[in-house]
Each structure stands twice: as C-alpha cells, then as structure tokens.
Amino acid sequence: MRRRQSSKPYTSSRRSSTNTTANPKLPAASIWLPILGHHLGIRNRKHHELLLLAIIASILALWFLTPFSDYCASCILWTVPVITDVELGRQSIVSLESKYPRVQDRWGVQKIGMELVKAGRNARYNDNNNNNNFFGSIFDNIDEYEWDFGVVHAPNLVNAFALPGGIIRVTDSLLQHLYLSNGEIAALLGHEMGHVLHRHSQRRVIKQRFISTLWDAFVYEDNDGYEESFGEAIAEGLWKSASYLGDLGFSRRDEYQADAAAWDLLSATYLDNKYVLRRYHPNSVKKLLTKLWDFQGRDATATAGWESTHPGTKERIDALKEKW
C-alpha cells in the first residue's frame with residue numbers, strides 16, 4: 001500500500017527553529033573589518049581586532065598629537081561671527097571678577113593695552129607671516145573687539161587672563177612680584193591679546209567637546225522665531241562654557257602663537273615702514289618670559305597658576321632667542 005504523501009512541504013525542525021528567531025544586529029565593525037581585512041590580506045579574527053585597535057590608535061594620535069584637531073576647530077570657529085566673542089567675554093568676566101575683584105590700575109595697564117590696540121592696526125601689514133594663516137591675518141578684525149585691560153586682586157597668584165571679546169586681566173600679584181618695566185607689561189598684554197585674536201579659549205572648548213558641539217549646532221532650536229546660522233548656533237553653545245573660560249589652560253602651540261602676536265605688536269610700536277618709533281622693544285617678550293622663569297625657580301607656588309595655563313616657558317624663551 002502506497003503511503004499518501006503530505007501536501008505540506010518538508011521543513012527541517014532545525015531550520016524552522018532558526019527562522020523563528022530574529023537574528024541579532026551585528027556590530028558595524030564585524031561587517032566592515034573583515035571586508036577591510038580581506039583587502040589587506042588579513043584572515044585571522046585576532047588580527048581583525050588588532051587592526052581595529054590600530055585604526056583607533058591612529059585616529060587618537062592624529063587628533064591629539066598633530067595640529068589636525070586645531071585645524072578642525074579653526075574651521076568650525078571660522079563660521080562663528082567675531083562679534084559673538086564680545087558677548088561671550090561679557091559673560092565670562094562676571095565669573096572671573098566674582099573670584100578676583102578688579103582693583104585700581106596703578107601700573108598703567110589700560111593705557112599700555114590701548115597703545116597695543118593702535119599698534120595692531122599697523123601690525124596687520126607686517127611682513128612677518130607668523131600671525132597669517134588660511135583665514136587671513138589675526139589683526140584684520142582687531143577693531144571688532146571691545147578691548148578692556150585691567151588689574152584684579154589675586155593674592156599669591158601670578159597670572160593673567162585673556163577672555164573672548166578683548167577682556168584682559170592681570171593679577172596684582174604678578175605686577176607686585178615681578179617689577180615689570182612698561183615694555184614687559186606691553187609684552188604681557190600683547191601675549192594675552194594674541195590669545196584673544198587667535199580665539200584660543202573658544203578653540204579649546206570646541207576641541208574638548210567636538211562631537212557634542214557639532215551635534216548641538218545641527219539640532220539647535222530655541223523657538224525664538226529667528227533661524228540662527230550654523231556659526232551662531234556654535235556661539236550660543238559656547239556661551240554655556242562662559243563661566244570657566246578664565247580657568248582654561250592653553251597648549252604649547254597656543255603659547256607660541258601668542259608669543260608671535262606679542263612680538264609683532266611690540267614691533268609695530270617700535271618701528272614701522274617709515275619711522276623708528278622706539279616705544280616698546282619686541283625683545284621685551286623674551287625679557288618677560290625670562291623674569292617669569294627666574295621667579296618660578298624662586299617661588300614655584302606663586303607661579304603655579306601661570307605655568308598651568310601658560311606652559312612651556314623655558315622652551316618659548318629658547319624659541320625667541322632666534323628672533324632677535
């Protein structure tokens with residue numbers, strides 16, 4: 001007797017049990033790493049993991065050990081209007097002067113600072129290319145800042161602060177301990193102006209929060225009926241960091257750029273294309289750093305604030321020896 005065949009197609013119990021369970025999503029790395037490994041002739045799974053580690057290490061090295069992160073941050077910052085720096089500085093100074101109150105300027109800091117602002121208008125035409133880059137000379141926008149120079153009371157803190165928008169403060173401890181000449185005060189202020197003009201504080205914030213800064217700018221919405229540009233959205237994100245901008249440290253690259261700006265500003269007060277002005281000799285930048293370095297050897301506690309925010313003093317002195 002012939003057994004009647006079922007019309008239901010045969011399915012394996014193993015196969016049906018597999019099909020009834022949804023496959024979990026595979027990590028993206030498990031898909032592209034074997035493909036990349038195949039093109040590179042890598043077959044072993046362990047080697048795939050080593051390849052992933054090598055890629056991550058290369059990305060981190062590129063970001064932290066090369067100027068690449070600075071260029072990325074500068075490109076983003078280029079979209080931010082300079083006028084927004086002024087509002088950021090106004091917010092930052094409230095926090096700074098709540099800790100270090102402003103005191104009488106007995107050293108002529110405001111007067112010397114404004115002389116440097118005037119010199120900066122000439123410095124943009126200086127043949128020295130240290131302060132020129134893809135985005136133009138840093139002195140091109142010097143008149144867009146609201147420059148304000150002053151002294152704050154900070155016992156045993158030898159330091160100076162450069163806030164966005166042109167607000168610069170020097171501690172009275174620095175001025176009392178170092179006995180600076182007018183030329184050396186000009187060098188100090190020129191250095192801090194370099195931080196402002198290069199927008200170092202904003203660039204540091206963007207580098208530290210690169211992904212979140214970009215994301216917040218893309219999805220930014222404040223429901224005020226006005227559609228902000230990408231740069232304006234970045235600026236409003238930076239305002240959230242206003243309270244601690246005065247405490248930010250700078251990189252050694254930032255310090256070299258600020259030294260170069262101070263050198264060019266003092267050079268513009270000393271001579272121009274037609275006249276020898278002989279106001280502040282640019283060599284005062286090196287003299288200032290030498291005083292700071294010598295004082296650090298005598299009182300490391302007092303200068304700890306300066307070295308924490310302005311690193312590499314000794315190396316910067318050596319670099320300036322080649323300029324004069």
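Nothing here was measured: the structure is a model prediction, and the numbers come from that model. (Residues numbered from 1 in each chain as written. Predicted model: local features only at pLDDT ≥ 70, side-chain atom pairs only at ≥ 80, totals over all residues. Heavy atoms only, no water.)

## Quick look at the nonpolar core
Core analysis: the largest hydrophobic core is formed by 46 residues, its most contacted members being W147, L175, L189 and M193. Among the elements that line this core, the one with the most residues is helix α8 (residues 182–198), at eight residues. A154, L157, F161 and I167 belong to the second-largest nonpolar core, a separate cluster that totals seven residues. (Core = buried A, V, L, I, M, F, W, Y, C linked by side-chain atoms within 4.5 Å. Buried < 20%, exposed > 50% of the residue type's maximum accessible area, 1.4 Å probe, protein only. Helix = DSSP H or I, 4+ residues; strand = E, 2+ residues; numbered from the N terminus.)

## Overview of the packing of aromatic side chains
For the structure shown, the criterion picks out three aromatic pairs. In this structure an aromatic cluster arises from ring pairing among Y145, W147 and F149. Note that R106 overlies the ring of W107, its terminal NZ or CZ placed 4.4 Å from the centroid. (Phe/Tyr/Trp six-rings, centres within 6.5 Å; stacked < 30°, edge-to-face > 60°. Lys NZ or Arg CZ within 6 Å of the ring centre and 35° of its normal.)

## Considerations on the environment of H191
Tracing the backbone through its elements, the reader meets H191 in helix α8. Considered as a pair, H191 and V285 are 94 residues apart in the sequence and their alpha carbons are 8.2 Å apart.

## Quick word on the confidence of the model for the chain
Residue-level pLDDT values for the chain average 75, and 56% of them are 70 or greater. This model gives residues 1–27 a pLDDT under 50, and the stretch forms zero contacts once residues within four places in sequence are excluded. (pLDDT = per-residue confidence, 0-100. Contact = heavy atoms within 4.5 Å.)

## A look at helix α9 (residues 200–208)
With seven of nine residues buried, α9 lies mostly within the body of the structure. Taken residue by residue, α9 has H200, S201, Q202, R203, V205, I206 and K207 as its buried positions.

## Description of the pairing of strand β6 (residues 167–171)
Most of β6 sits inside the fold, with five of its five residues counted as buried. Side-chain alternation along β6 places I167, R169 and T171 on one buried face and I168 and V170 on a second face that is also buried. Strand direction decides the pairing type here: strand β4 (residues 148–152) and β6, joined by five bridges, are parallel. Bridge pairing in β6 links V151 to V170. Across four bridges, the pairing between strand β5 (residues 160–163) and β6 is antiparallel. Its bridge partner lying in β6, A160 is registered against V170. The hairpin formed by β5 and β6 contains three residues between the paired strands, and G165 there has a positive phi angle of roughly 90°. (Pairing = 2+ DSSP bridges.)

## Considering unusual backbone geometry
At Y179, a residue that is not glycine, the phi angle is positive and equals roughly 50°. Secondary-structure assignment places Y179 in the loop between α7 (172–178) and α8. On the basis of relative accessible area, Y179 is assigned to the exposed category, the value being 67%. In this model, R199 sits at a positive phi of 60°, which is unusual for a non-glycine residue.

## Observations concerning the sheet that holds strand β1 (residues 102–103)
Each strand in a sheet pairs with its neighbour through backbone hydrogen bonds, running either in the same direction (parallel) or in the opposite one (antiparallel). Spatially, the four strands line up as an open sheet ordered β1-β4-β6-β5, and their pairing is mixed. Strand pairing shows two members of the sheet lacking a second neighbour, β1 and β5, which therefore form its edges. Across the sheet, helix α5 (residues 83–99) lies against β1, β4, β5 and β6, angled at about 20° from β6, the strand it touches most. (Axes fitted to C-alpha atoms, helices over the stretch in contact; angles between N-to-C directions.)

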